[in-house]
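The residues making up each chain are set out below.
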Amino acid sequence: MRGLAAAALLVLAACGGEQRPRVPTVGEAAPAYAATTLDGDSVSLQGLRGRVVLLNVWATWCKPCREEIPDLQRLYLANRPRGFEVVGVSVDAAGQEQAVREFVQELGVTYPVWLDPDERVSSTFATLGVPSTFLVGRDGTLLWKKLGPVRADDPELRTLLAGAL
(Lines give C-alpha, C1' and ligand atoms only; values in the text may rest on other atoms or scores of the structure.)
Protein backbone atom coordinates (compact mmCIF):
# COMPACT_ATOMS: atom_id res chain seq x y z
CA MET A 1 0.00 0.00 0.00
CA ARG A 2 2.87 2.40 0.81
CA GLY A 3 4.37 1.76 -2.63
CA LEU A 4 1.09 2.69 -4.29
CA ALA A 5 0.86 5.93 -2.30
CA ALA A 6 4.45 6.83 -3.18
CA ALA A 7 3.81 6.12 -6.86
CA ALA A 8 0.70 8.31 -6.78
CA LEU A 9 2.70 11.18 -5.26
CA LEU A 10 5.36 10.84 -7.96
CA VAL A 11 2.73 10.94 -10.70
CA LEU A 12 1.10 14.00 -9.17
CA ALA A 13 4.45 15.75 -8.86
CA ALA A 14 5.39 14.93 -12.44
CA CYS A 15 2.04 16.09 -13.84
CA GLY A 16 2.31 19.51 -12.24
CA GLY A 17 4.93 20.73 -14.69
CA GLU A 18 5.24 24.06 -12.98
CA GLN A 19 5.80 24.59 -9.31
CA ARG A 20 2.92 26.01 -7.33
CA PRO A 21 3.61 29.17 -5.36
CA ARG A 22 4.44 28.66 -1.74
CA VAL A 23 1.62 29.87 0.48
CA PRO A 24 2.96 32.64 2.73
CA THR A 25 2.79 31.67 6.38
CA VAL A 26 2.00 34.07 9.19
CA GLY A 27 5.11 34.45 11.34
CA GLU A 28 7.51 34.04 8.41
CA ALA A 29 9.00 36.64 6.07
CA ALA A 30 6.49 38.13 3.66
CA PRO A 31 7.31 37.31 0.04
CA ALA A 32 9.22 39.82 -2.06
CA TYR A 33 6.79 41.85 -4.14
CA ALA A 34 7.07 44.85 -6.46
CA ALA A 35 4.65 46.76 -8.68
CA THR A 36 4.18 50.22 -10.17
CA THR A 37 2.27 53.25 -8.93
CA LEU A 38 -0.45 55.07 -10.85
CA ASP A 39 2.31 57.46 -11.93
CA GLY A 40 4.42 54.60 -13.31
CA ASP A 41 7.05 54.57 -10.55
CA SER A 42 8.53 51.26 -9.40
CA VAL A 43 7.72 50.36 -5.79
CA SER A 44 8.20 47.34 -3.53
CA LEU A 45 7.43 45.96 -0.12
CA GLN A 46 11.16 46.02 0.56
CA GLY A 47 11.07 49.79 0.04
CA LEU A 48 8.58 50.06 2.92
CA ARG A 49 10.74 48.12 5.40
CA GLY A 50 10.64 49.87 8.77
CA ARG A 51 6.92 50.62 8.45
CA VAL A 52 3.95 48.41 9.29
CA VAL A 53 2.18 47.72 5.98
CA LEU A 54 -1.38 46.64 5.29
CA LEU A 55 -1.25 45.33 1.71
CA ASN A 56 -4.79 45.18 0.31
CA VAL A 57 -5.47 43.46 -3.02
CA TRP A 58 -8.59 44.79 -4.77
CA ALA A 59 -10.28 45.62 -8.07
CA THR A 60 -12.68 48.36 -9.19
CA TRP A 61 -15.34 45.79 -10.14
CA CYS A 62 -15.30 44.15 -6.68
CA LYS A 63 -18.26 45.26 -4.53
CA PRO A 64 -16.77 44.08 -1.17
CA CYS A 65 -13.58 45.99 -2.08
CA ARG A 66 -15.59 49.17 -2.57
CA GLU A 67 -17.25 48.60 0.82
CA GLU A 68 -13.98 48.07 2.74
CA ILE A 69 -11.99 50.99 1.31
CA PRO A 70 -13.50 53.63 3.65
CA ASP A 71 -12.40 51.46 6.60
CA LEU A 72 -8.90 51.12 5.15
CA GLN A 73 -8.77 54.90 4.67
CA ARG A 74 -9.77 55.44 8.34
CA LEU A 75 -7.09 52.98 9.52
CA TYR A 76 -4.52 54.74 7.35
CA LEU A 77 -5.31 58.23 8.62
CA ALA A 78 -5.47 57.14 12.27
CA ASN A 79 -2.20 55.20 12.26
CA ARG A 80 0.04 56.75 9.60
CA PRO A 81 1.80 59.07 12.07
CA ARG A 82 2.97 55.96 13.98
CA GLY A 83 4.67 54.33 10.99
CA PHE A 84 1.69 52.63 9.34
CA GLU A 85 1.17 52.36 5.60
CA VAL A 86 -1.80 51.04 3.67
CA VAL A 87 -1.03 49.98 0.11
CA GLY A 88 -3.89 49.21 -2.24
CA VAL A 89 -2.91 46.86 -5.05
CA SER A 90 -5.30 47.05 -7.98
CA VAL A 91 -5.50 43.90 -10.09
CA ASP A 92 -7.62 45.58 -12.74
CA ALA A 93 -6.66 44.70 -16.31
CA ALA A 94 -3.96 46.57 -18.24
CA GLY A 95 -5.30 49.76 -19.78
CA GLN A 96 -7.67 50.44 -16.86
CA GLU A 97 -5.46 53.04 -15.18
CA GLN A 98 -7.99 55.85 -15.71
CA ALA A 99 -10.79 53.74 -14.22
CA VAL A 100 -8.55 53.03 -11.20
CA ARG A 101 -7.77 56.76 -10.83
CA GLU A 102 -11.48 57.64 -10.96
CA PHE A 103 -12.34 54.90 -8.46
CA VAL A 104 -9.65 56.08 -6.04
CA GLN A 105 -10.76 59.70 -6.38
CA GLU A 106 -14.44 58.82 -5.95
CA LEU A 107 -13.73 56.95 -2.71
CA GLY A 108 -11.31 59.56 -1.34
CA VAL A 109 -8.33 57.21 -1.14
CA THR A 110 -5.17 59.01 -0.03
CA TYR A 111 -2.99 55.96 0.64
CA PRO A 112 -0.66 54.63 -2.08
CA VAL A 113 -2.20 52.60 -4.89
CA TRP A 114 -0.10 50.16 -6.89
CA LEU A 115 -1.04 48.61 -10.22
CA ASP A 116 -0.67 44.91 -10.93
CA PRO A 117 -2.62 44.02 -14.10
CA ASP A 118 -0.71 40.73 -14.41
CA GLU A 119 -1.84 39.78 -10.88
CA ARG A 120 1.66 38.85 -9.74
CA VAL A 121 0.47 39.71 -6.23
CA SER A 122 -2.06 36.88 -6.48
CA SER A 123 0.56 34.25 -7.24
CA THR A 124 3.13 35.77 -4.88
CA PHE A 125 0.75 35.78 -1.91
CA ALA A 126 -1.33 32.77 -3.09
CA THR A 127 -4.57 34.74 -2.91
CA LEU A 128 -7.90 33.13 -3.66
CA GLY A 129 -9.68 36.29 -4.79
CA VAL A 130 -10.33 39.89 -3.90
CA PRO A 131 -10.29 41.48 -1.51
CA SER A 132 -7.30 39.88 0.16
CA THR A 133 -5.29 41.68 2.81
CA PHE A 134 -1.90 41.09 4.43
CA LEU A 135 -0.34 42.81 7.43
CA VAL A 136 3.44 43.01 7.27
CA GLY A 137 5.54 44.05 10.27
CA ARG A 138 8.36 46.59 10.27
CA ASP A 139 10.88 43.78 9.84
CA GLY A 140 9.06 42.23 6.87
CA THR A 141 7.33 39.46 8.82
CA LEU A 142 3.84 38.48 7.71
CA LEU A 143 1.67 39.15 10.77
CA TRP A 144 -1.86 38.51 9.46
CA LYS A 145 -3.79 37.63 6.33
CA LYS A 146 -7.43 37.74 5.45
CA LEU A 147 -9.59 36.82 2.50
CA GLY A 148 -12.66 39.04 2.37
CA PRO A 149 -13.37 42.60 3.43
CA VAL A 150 -11.45 44.23 6.26
CA ARG A 151 -13.20 46.37 8.84
CA ALA A 152 -11.46 49.06 10.88
CA ASP A 153 -12.96 47.63 14.07
CA ASP A 154 -11.79 44.03 13.44
CA PRO A 155 -10.60 43.00 16.94
CA GLU A 156 -7.79 40.72 15.72
CA LEU A 157 -6.44 43.35 13.33
CA ARG A 158 -6.65 46.08 15.98
CA THR A 159 -4.72 43.94 18.47
CA LEU A 160 -2.04 43.07 15.93
CA LEU A 161 -1.74 46.70 14.82
CA ALA A 162 -1.39 47.91 18.40
CA GLY A 163 1.43 45.43 18.97
CA ALA A 164 3.18 46.16 15.68
CA LEU A 165 3.05 49.94 15.97
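Just above, that's the structure.
Reading the values: the criteria
Every chain is numbered independently, its residues counted from 1 as its sequence is written. The predicted origin of the model limits local features to residues at a pLDDT of at least 70 and limits the giving and counting of side-chain atom pairs to 80 or more, whereas totals for whole chains, interfaces and linings rest on all residues. No hydrogens and no water enter the side-chain calculation; it runs on all heavy atoms of the structure. Two cysteine sulfur atoms make up a disulfide if the distance between them is within 2.5 Å. For every residue, the accessible area (1.4 Å probe, protein chains only) is compared with the maximum for its type, and the residue is labelled buried under 20%, exposed over 50%, or partly exposed between those bounds. Helix and strand definitions here come from DSSP, where helices need a minimum of 4 consecutive H or I residues and strands a minimum of 2 consecutive E residues; each element is numbered from the N-terminal end. Residues count as neighbours in contact if any of their non-hydrogen atoms are within 4.5 Å of one another. Helix span is expected to be 1.5 Å times the residue number reduced by one. One axis fitted to the seven residues ending at a residue, another fitted to the seven starting there: the angle between these axes is the bend at that residue. Directions drawn from the helix axis to the C-beta atoms are what define this arc. The definition of a polar contact used here is a pair of N or O atoms within 3.5 Å, where within protein one atom must be able to donate a hydrogen and the other to accept one, and adjacent residues in sequence count solely through side-chain atom pairs.

Peer 1: Before we move on, can you summarise the state of the cysteines with the specific residues and values?
Peer 2: Enumeration according to the criterion identifies one disulfide in this entry. The side chain of C62 participates in a disulfide bridge whose partner is C65; the two sulfur atoms lie 2.3 Å from each other. Classification of the bridge connecting C62 and C65 rests on its S-S torsion, roughly 80 degrees, and on that basis the disulfide is right-handed. Residue class for C65 comes out buried when judged on its relative accessible area of 0%.

Peer 1: Talk me through the side chain of D116; I want residue IDs and the actual numbers.
Peer 2: You can see D116 is positioned in the loop between β5 (113-115) and α4 (120-124). Beyond its immediate stretch of four places on either side in the chain, D116 contacts Y33, V89, S90, V91 and V121.

Peer 1: Could you give an account of helix α2 (residues 63-79), with specific residues and numbers?
Peer 2: Structurally, the α-helix is built with 3.6 residues per turn, so residues lying three or four positions apart point the same way. With 17 residues, α2 extends 25 Å between its outermost C-alpha atoms, agreeing within 8% with the 24 Å of an ideal straight helix rising 1.5 Å per residue. I69 marks where α2 bends most, by close to 30 degrees; the proline P70 follows one to four residues later. Within α2, burial applies to C65, E68, I69, D71, L72, Q73, L75, Y76 and N79. Tucked into the core, α2 has its buried residues touching β3 (52-58), β4 (84-90), α3 (97-107), β6 (132-136) and α5 (155-164).

Peer 1: Give me the lowdown on α5, citing residues and values where you can.
Peer 2: Residues of α5 that are buried: L157, L161 and A164. Across the axial projection of α5, the buried residues extend over an arc of 70 degrees, all falling on one side. Away from the buried face of α5 by more than 90 degrees, exposed residues P155, T159, A162 and G163 are located. In the core, the buried residues of α5 are packed alongside β3, α2, β4, β6 and β7 (142-147). Near the N-terminus of α5, the side chain that reaches the backbone nitrogen of E156, with its oxygen 2.9 Å away, is that of D154.

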